[in-house]
Amino acid sequence: PLKTGLSNPLPESFTSWDKIVLDQEMTVQELVKYLESTFSVTVDRIFAYGDTQDKALYSAVDLEKITWDITIDEQGKPHVSEGVFGMWPQIRMAVQMLGRLPANSGQRKMFENQLKTVQASLHKTKQGFDNRFKLFVSAAFTEVYRPSDDQAEKQAYFDRVSEKRDCVLLGVHCHTAESNDVHLPCIKIAIAMDGQHGGDPKRLRTE
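Caption draft 1: Broad picture of the nonpolar core. Counting residues in each nonpolar core, the largest one holds 34 residues, and the members touching the most others are Leu35, Ile46 and Leu170. For this core, the elements supplying multiple residues, two or more each, are β3 (19–22), α1 (28–39), β4 (42–48), α5 (108–133), α6 (137–145), β8 (167–175) and β10 (186–190). For this core, the element with the highest residue contribution is α1, accounting for 6 residues. What Ile46 contacts, discounting residues up to four positions off in sequence, is Leu31, Val32, Leu35, Ala56, Leu57, Tyr58, Leu170, Gly171 and Val172. In terms of nonpolar packing, the next biggest core, distinct from the first, is built from 16 residues, Trp88, Leu98, Leu101 and Phe111 among them.

Caption draft 2: View of the packing of aromatic side chains. For the structure shown, the criterion picks out 5 aromatic pairs. For the pair Phe129 and Phe133, a centre-to-centre distance of 5.0 Å together with 25° between the ring planes defines the contact as stacked. Here Phe133 and Phe129 lie together in helix α5, a separation of 4 residues that amounts to about one turn. Side by side, Phe129 and Phe133 carry an identical accessibility label, which is buried. When the ring of Phe141 is compared with that of Phe158, the centres are 6.3 Å apart and the planes differ by 15°; the resulting orientation is stacked. With a gap of 17 residues between them, Phe141 in helix α6 and Phe158 in helix α7 (residues 152–164) connect regions that are remote in the sequence. Take Phe141 and Phe158: they sit in the same class, and that class is buried. Clustering of aromatic rings is evident, with ring pairs tying together Tyr58, Phe129 and Phe133. Over the aromatic face of Phe85 sits the side chain of Arg92, whose NZ or CZ is 4.2 Å from the ring centroid. Lying across the ring of Phe158, Arg165 places its NZ or CZ 5.7 Å from the centre.

Caption draft 3: Highlighting the pattern of salt bridges. Tallied over the full model, the rule gives 6 salt bridges. The salt bridge partner of Glu112 is Arg108, with a shortest N-O separation of 3.5 Å. Linking Glu112 with Arg108, this pair stays in helix α5, spanning 4 residues, or about one helical turn. Judged by relative accessible area, which is 4%, Arg108 ranks as buried. A salt bridge links Arg146 to Asp159; its shortest N-O distance comes to 2.8 Å. You can see Arg146 sitting in the loop between α6 and α7 and its partner Asp159 sitting in helix α7, a full 13 residues away along the chain.

Caption draft 4: The arrangement of the packing of helix α4 (residues 92–100) against α5 in detail. In the contact formed by α4 and α5, the axes pass within 9 Å of each other and the chain directions differ by 135°. As the angle between them shows, α4 and α5 are arranged oblique. For the crossing formed where α4 meets α5, the hand is left-handed. Residues Ala94, Val95, Met97 and Leu98 of α4 lie in contact with α5, whose contacting residues are Arg108, Phe111, Glu112, Gln114 and Leu115. Of the residues contributing to the contact of α4 with α5, the split by class is 6 nonpolar, 1 polar and 2 charged.

Caption draft 5: Expanded view of the layout of surface pockets. The volume enclosed by the largest pocket comes to roughly 260 Å³. Taken together, 18 residues line the largest pocket, and the ones lying closest to its centre are Phe14, Tyr49, Val172, His183 and Leu184. Where the lining of the largest pocket is concerned, the elements lending two or more residues are β4, β8 and β9 (181–183). For the lining of the largest pocket, the element with the most residues is β8, which contributes 4 residues. In the lining of the largest pocket, the residues fall into 10 nonpolar, 5 polar and 3 charged.

Definitions and cut-offs
The residue count restarts for each chain, going from 1 along the sequence in the order it is written. Only residues with pLDDT of 70 or above have their local features reported here, since the model is predicted, and side-chain atom pairs are shown and tallied only from 80 upward, although totals for entire chains, interfaces and linings are computed over all residues. The side-chain quantities take in all heavy atoms of the structure and omit both hydrogens and water. Here, nonpolar core means buried Ala, Val, Leu, Ile, Met, Phe, Trp, Tyr and Cys residues that are tied together by side-chain atoms lying within 4.5 Å of each other. A simple rule labels every residue: compare its accessible area, found with a 1.4 Å probe on the protein chains alone, to the largest value its type can have, and call it buried under 20%, exposed over 50%, or partly exposed in between. Going along the chain from the N terminus, every DSSP run of H or I of four or more residues is numbered as a helix, and every run of E of two or more is numbered as a strand. Residues count as neighbours in contact if any of their non-hydrogen atoms are within 4.5 Å of one another. Geometry of aromatic contacts follows a simple scheme: Phe, Tyr and Trp rings, the Trp one being its six-membered ring, pair when their centres are within 6.5 Å, and the pair is stacked under 30 degrees between planes, edge-to-face over 60, tilted otherwise. Think of it as a cone above the ring: NZ of Lys or CZ of Arg counts as a charge over the ring if it is within 6 Å of the ring centre and within 35 degrees of the ring normal. The rule for a salt bridge is simple: a side-chain nitrogen of Lys or Arg has to be within 4 Å of a carboxyl oxygen of Asp or Glu. For helices, the axis comes from a line fit to the C-alpha atoms of the stretch in contact; other axes are also lines fit to C-alpha atoms, and the angle between any two N-to-C directions lies between 0 and 180 degrees. We call two directions roughly parallel when the angle between them is under 35 degrees, roughly antiparallel when it is over 145, roughly perpendicular when it lies between 65 and 115, and oblique otherwise. Take the far helix as your reference; a near helix turned counterclockwise from it by less than a right angle gives a left-handed crossing, and one turned clockwise gives a right-handed crossing. Residue polarity follows a fixed list, in which Ala, Val, Leu, Ile, Met, Phe, Trp, Tyr, Cys and Pro are nonpolar, Asp, Glu, Lys and Arg are charged, and the others, Gly among them, are polar. In the cavity and pocket records, a cavity denotes points on a 1 Å grid over the protein atoms alone where a 1.4 Å probe fits but cannot get out, a pocket denotes an open set with protein on both sides within 12 Å along at least 5 of 7 lines, and lining residues are residues with an atom within 4 Å of a point. Grid points are joined across faces, edges and corners, and a volume is the space filled by probe spheres set on the points.

In structure tokens, the structure reads:
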């Protein structure tokens, strides 16, 4: 048996054959909420089971970006969330210069444009996460893992498989309140047929 890292009454172990089976499809947001409330964990990532790419239906890092902001106040002083610098380190100099240059300086425009470019990228990142967070799991899975148009053969194969698929298999990375890693079995979540979504997401069994 594999240890989950959880304590009784939560499951303490599972085998490689076990699956967490969810009989009703839900949105990515609902799935995160369900896993966190059911297993008393914080979800870090949800991804295609067995996938080793740096892709995910959900990432807590992306959720954190929702709180990031980039603004310039009436005095021309920039205000940038610290997390932004980790993703776009090139704007640190622009922020420093805008904090020093007088409002009538001709050099400000260049640095303001750099800030606006990153501001637009951050907005796009937030929007993409928010849209995917509200999608049903099957739709989010397709959005993330469907090959691009320049991979026509792989895309066609993905589409053929998707037409017959009645479930999605997912892996999850999560941790406890004490920051201990938790290992959960593969999650098997049903795909809604004929557009019928919803139902009681609390129906869970291990098969």
